[in-house]
Amino acid sequence: MGSSLLKAGRLGMALQRYKKVIDAFSYVDNMQEENKVKAKALKAACESNKAAVCLKLKDWAEAKAACNNVLKDDKTNAKALYRRAQAELGLKNFMECIGDCKNVVELDPQSREARALLKQALAAQKEEDKKAKGLFANMCKALGKGPIPPPGKDKPVGNFSDDEEEAPAAEGEAAAASAE
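No experiment lies behind these values; they were computed from the predicted model shown. (Residues numbered from 1 in each chain as written. Predicted model: local features only at pLDDT ≥ 70, side-chain atom pairs only at ≥ 80, totals over all residues. Heavy atoms only, no water.)

Participant: Looking at this structure, I do not really get the packing of helix α4 (residues 60-73) against helix α5 (residues 78-90). What am I missing?
Facilitator: The relative placement of two packed helices comes down to the angle between their axes together with the axis-to-axis distance. For the pair α4 and α5, the least separation of the axes is 8 Å and the interaxial angle reads 155°. As the angle between them shows, α4 and α5 are arranged roughly antiparallel. Seen from above, α4 lies across α5 with left-handed handedness. Residues Trp60, Ala63, Lys64, Cys67, Asn68, Val70 and Leu71 of α4 form the contact with α5, whose participating residues are Ala80, Leu81, Arg83, Arg84, Gln86, Ala87, Glu88 and Gly90. Here the residues of the contact of α4 with α5 are counted per class, giving eight nonpolar, three polar and four charged. (Axes fitted to C-alpha atoms, helices over the stretch in contact; angles between N-to-C directions. Helix = DSSP H or I, 4+ residues; strand = E, 2+ residues; numbered from the N terminus. Parallel < 35°, antiparallel > 145°, perpendicular 65-115°, else oblique. Left-handed = near helix turned anticlockwise from the far one by under 90°. Contact = heavy atoms within 4.5 Å. Nonpolar A, V, L, I, M, F, W, Y, C, P; charged D, E, K, R; others polar.)

Right, here's the structure in full:
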């Protein structure tokens, strides 16, 4: 039902259906062993599909969380790794995206989508590095410029003398005395 809603573009309803199934199968300890395996597989498929819906909705954090739930039980799930990589790219976590893409390519060397995403992430990381390099270069240029006072010859920030501190108090006492 959720996949037909996803294909029809009814993303909100599909997301609700996947969440209901995931909630229904969140506790499988009381089930028979063969049913546990089927329930976990169904839950993993729903989590993966939930991630796909979240990616379409550009909810990167929720998509990443759904993929992490799948990868807790099955670290070699290429689909979940790829979708998590897409979410990481959306979150601008380029190094994590690159790592996930490399894992997908190791698991499935024929995956063109993972290779394309890897190239995209590498390009984005290169651009981010270029921006950071310019920023830090400008910061470093400013270091050492400007007047540096010799040690021990600093001007006092303010003129703090005992006379100034006592003067307002004396005025306050005078005002209090005249009010009586």
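Okay, back to it.
Participant: Looking at this structure, I do not really get the side chain of Asp100. What am I missing?
Facilitator: Among the structural elements, Asp100 can be located in helix α6 (residues 94-107). A polar side-chain atom of Asp100 sits 2.8 Å from a polar atom in the side chain of Arg84. (Polar contact = N/O pair within 3.5 Å; in protein donor to acceptor, adjacent residues only side chain to side chain.)

Participant: I'm lost on the nonpolar core in this one. Help?
Facilitator: The nonpolar side chains of a soluble globular protein tend to be buried, and buried together. Membership of the largest hydrophobic core is limited to eleven residues, which are Leu11, Ala14, Leu15, Tyr18, Ile22, Cys46, Val53, Cys54, Leu55, Ala63 and Ala87. Secondary-structure elements contributing two or more residues to this core are α2 (11-24) and α3 (33-56). The leading source of residues in this core is α2, at five residues. When neighbours within four sequence positions are excluded, Cys54 is seen to be in contact with Leu15, Asp59, Glu62 and Ala63. (Core = buried A, V, L, I, M, F, W, Y, C linked by side-chain atoms within 4.5 Å. Buried < 20%, exposed > 50% of the residue type's maximum accessible area, 1.4 Å probe, protein only.)

Participant: Would you explain unusual backbone geometry in this entry?
Facilitator: Excluding glycine, a negative phi dihedral is what most residues carry, and trans is how most peptide bonds are arranged. Its identity as a non-glycine residue notwithstanding, Lys58 has a phi of 60°, on the positive side. Of note, Lys58 is situated in the loop between α3 and α4. You can call Lys58 exposed: its relative accessible area is 59%. Positive phi values are uncommon outside glycine, yet Lys92 reaches one of about 65°. Within the secondary structure layout, Lys92 lies in the loop between α5 and α6.

Participant: I keep staring at the pattern of salt bridges and nothing clicks. Help me out?
Facilitator: Pairs can form between side chains of opposite charge whenever their charged atoms are close. Applying the stated rule across the entire model yields three salt bridges. A salt bridge links Glu88 to Lys64, with the shortest nitrogen-to-oxygen separation between them at 3.1 Å. With Glu88 in helix α5 and Lys64 in helix α4, the pair connects residues that are 24 residues apart, well separated along the chain. We classify Glu88 as buried; its relative accessible area is 3%. For Asp100, the salt bridge identified is with Arg84, shortest N-O distance 2.8 Å. Placement of Asp100 in helix α6 and of Arg84 in helix α5 is noted, with a sequence separation of 16 residues between them. Given the relative accessible area of 5%, Asp100 is considered buried. With a relative accessible area of 18%, Arg84 lands in the buried category. (Salt bridge = Lys/Arg side-chain N within 4 Å of Asp/Glu carboxyl O.)

The values are spatial; any link to function lies outside them.
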